[in-house]
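# Summary of the model geometry
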Amino acid sequence: LSPFDASPGDAYAHIDFPMYPSMEYSPYMYESVIMECSGFCGTMDVNLEGSEYAVGGVSFSIAGYGDDEPNYENIQDWGGICVTYYSEKDVYLNFVVKGVAYESSPKVDLPKSNELVERCFTWNEIAPNDPDMGKAVGIIQFAAKSSVNYEKFKFNLAGIGKYSANGACAIEKPVITPKSSS
């Protein structure tokens, strides 16, 4: 679990957290943020610095890293993915798949919402003509792309898990009431 920024040039998408994460890298680095929000939340701050867009968000490593590259895992038995989130801006899930360039990687859109919502997708909905989807996934990214300079928006990624037609994230109620960042 970590923030990422895949913006071109000098553009950036930075996350401001409601609580300070630990200054030391560890598996519990973002525990204070997760405890505060009952999820991974913050305000995305976008600066284009002359580029056409910026993209950033939160990465979940499926099987860790080796030699600065993600390890890939067969998660096809998950059947797909469910995510519970809130975002003031349309976002998407990006799947980092072995041998597939970022621009071509499978993605699913997540519309903005005023409250926590859950969306579930089967592998076939994520990659319709790829029977191997889920066989070599390294990272799942909760991402936002913006072409608006100095844009700010709040988000909370409260849960992510295996696909279930009835939902998989079982979030009872939000701890944080979303407030507009305007």
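The structure under discussion appears in the preceding block.
Summary of the structure given here.

All right, on to the state of the cysteines then. In protein structure, a disulfide is the covalent linkage between the sulfur atoms of two cysteines. Under the criterion given, the structure shown has two disulfides. Disulfide pairing is shown between Cys37 and Cys41; the S-S distance is 1.8 Å. Accessibility assignment for this pair places Cys37 and Cys41 in one class, buried. Put simply, Cys82 and Cys120 are joined by a disulfide, and their sulfur atoms are 2.1 Å apart. Handedness of the Cys82-Cys120 disulfide follows from its S-S torsion of about 115 degrees: it is right-handed. Of this pair, Cys82 sits in strand 7 (residues 80–87) while Cys120 sits in strand 10 (residues 117–122), and the two are 38 residues apart along the sequence. Judged by its relative accessible area of 0%, Cys82 falls in the buried class. Taken in N- to C-terminal order, the disulfide-linked cysteines of the chain are connected 1-2, 3-4.

Time to look at the pairing of strand 8 (residues 91–97). Most of strand 8 sits out of view: seven of its seven residues are buried. Burial along strand 8 is two-sided: Val91, Leu93, Phe95 and Val97 facing one way and Tyr92, Asn94 and Val96 facing the other are all buried. With four bridges joining them, strand 8 and strand 9 (residues 107–110) adopt antiparallel strand pairing. From the neighbouring strand, Tyr92 faces strand 9, where its bridge partner is Asp109. The pairing of strand 8 with strand 11 (residues 137–146) spans six bridges and is classified as antiparallel.

The next subject is the packing of aromatic side chains. The description of two aromatic rings rests on the distance between their centres and on the angle between their planes. Applying the stated rule across the entire model yields six aromatic pairs. Pairing Phe95 with Trp123 gives two aromatic rings, centres 6.1 Å apart and planes at 80 degrees, and the pair type is edge-to-face. Within this pair, whereas Phe95 is found in strand 8, its partner Trp123 is found in helix 2 (residues 123–126), the two being separated by 28 residues in sequence. Trp123 carries the same exposure label as Phe95, and that label is buried. Put simply, the rings of Phe17, Tyr30 and Phe40 pair up and form one aromatic cluster. Here the basic side chain of Lys107 rests over the ring of Tyr102, its NZ or CZ set 4.7 Å away from the ring centre.

Attention shifts here to the side chain of Glu151. Tracing the chain through its elements places Glu151 in the loop between strand 11 and strand 12 (152–162). Accessibility expressed as a relative area gives 18% for Glu151, which makes it buried. A polar side-chain atom of Glu151 sits 2.3 Å from a polar atom in the side chain of Ser146. Not counting residues up to four positions away in its chain, the partners in contact with Glu151 are Met44, Asp45, Val46, Lys89 and Ser146.

As a further point, take the side chain of Ser146. Mapping Ser146 onto the fold places it in strand 11. Taking the relative accessible area as the measure of exposure, Ser146 reaches 2% and is therefore buried. Polar contacts involving the side chain of Ser146 include one to the main-chain amide nitrogen of Val148, which spans 3.1 Å.

The strand order across the open sheet formed by five strands is 1-4-11-8-9, and the pairing between neighbours is antiparallel. Looking at which strands have only one partner, the edges of the open sheet turn out to be strand 1 (2–5) and strand 9. Each neighbouring strand pair of the sheet contributes to a mean axis angle of 25 degrees, computed without reference to strand direction. As judged from the eight bridges shared by strand 4 (residues 54–61) and strand 11, these two strands associate in the antiparallel manner. The partner of Gly56 across the bridge, within strand 11, is Ala144.

Cut-off values and rules
Residues numbered from 1 in each chain as written. Predicted model: local features only at pLDDT ≥ 70, side-chain atom pairs only at ≥ 80, totals over all residues. Heavy atoms only, no water. Disulfide = S-S within 2.5 Å. Buried < 20%, exposed > 50% of the residue type's maximum accessible area, 1.4 Å probe, protein only. Helix = DSSP H or I, 4+ residues; strand = E, 2+ residues; numbered from the N terminus. Pairing = 2+ DSSP bridges. Phe/Tyr/Trp six-rings, centres within 6.5 Å; stacked < 30°, edge-to-face > 60°. Lys NZ or Arg CZ within 6 Å of the ring centre and 35° of its normal. Polar contact = N/O pair within 3.5 Å; in protein donor to acceptor, adjacent residues only side chain to side chain. Contact = heavy atoms within 4.5 Å. Axes fitted to C-alpha atoms, helices over the stretch in contact; angles between N-to-C directions.

These results come straight from atomic positions and should not be treated as a statement about function.
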